[in-house]
Amino acid sequence: VVPNAMGFLANISYVDSYKNFDAEYFAEGFYSTPSLYLNKKREGTEVDWNRDWIVGYGRVMDENHYSGHPYGPDTMMAAFGAIFDFTEINMKSKNIVEWKKSGEQTKVMNTEFINEGKTPTGVAETRIALRSYNEWQATDNLSVNLNLGISFYENFGYEEGIEKTIPQLAFGLKWTIL
């Protein structure tokens, strides 16, 4: 029996120019079934279903990203955001609000796909994240980055009733010599 493999990705964006900046507003929705990234392989006469990171064989990115969408199989996601480009002061800002629910229907043990299985605990994890990525090009050689974020989790780590709030802050300086 070949499991149903389906995914849906839709996005829309709108770009506009204002007096002091340009802006792009966007929305994206994503859904994938648990078996979207499965591949049927044969080991002699035995059929083995396992999950590859890309539709085909092998990985394309580190950190367990998938070719179709970085969140991979068994995921629902909705995101809204805006990117602002303040050309007069050489600053860009990308701001995102995202809702994601994953792991409700499947689990993978070793390389075997368990069609009727659940996540390791049978519980889906939900996350709401607010993120802001900001870069200011101070001079031709120096840029300053400030990234802020906060994530609110329900059933963190697929454990029922575990709620977690994770704040994030990153600051960076980039000096270009050449």
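Draft legend 1. Looking closely at the sheet that holds strand β11 (residues 163-175). The seven strands lie next to each other as β1-β2-β5-β6-β9-β10-β11, forming an open sheet whose pairing is antiparallel. Strands with a single pairing partner mark the edges of an open sheet, and in this sheet they are β1 (7-17) and β11. Within this sheet the neighbouring strands show an average axis-to-axis angle of 10°, counted without direction. The pairing of strand β10 (residues 142-154) with β11 spans 13 bridges and is classified as antiparallel. Paired with Tyr153 across the two strands is Lys164, which belongs to β11.

Draft legend 2. Examining the packing of aromatic side chains more closely. Scanning all chains against the criterion turns up six aromatic pairs. With a centroid separation of 5.2 Å and an interplanar angle of 45°, the aromatic rings of Phe21 and Phe86 are classed as tilted. Note that Phe21 is positioned in the loop between β1 and β2 (22-32) and Phe86 in strand β5 (residues 75-86), a separation of 65 residues in sequence. With centroids separated by 4.9 Å and ring planes inclined at 80°, the aromatic side chains of Tyr153 and Phe156 adopt a geometry described as edge-to-face. Residue classification places Phe156 among the partly exposed positions, given a relative accessible area of 26%. An aromatic cluster is defined as three or more aromatic residues linked by ring pairs; in this entry it consists of Tyr18, Phe21, Tyr25, Phe84 and Phe86.

So, how was this worked out
- Residues numbered from 1 in each chain as written.
- Predicted model: local features only at pLDDT ≥ 70, side-chain atom pairs only at ≥ 80, totals over all residues.
- Heavy atoms only, no water.
- Pairing = 2+ DSSP bridges.
- Helix = DSSP H or I, 4+ residues; strand = E, 2+ residues; numbered from the N terminus.
- Axes fitted to C-alpha atoms, helices over the stretch in contact; angles between N-to-C directions.
- Phe/Tyr/Trp six-rings, centres within 6.5 Å; stacked < 30°, edge-to-face > 60°.
- Buried < 20%, exposed > 50% of the residue type's maximum accessible area, 1.4 Å probe, protein only.

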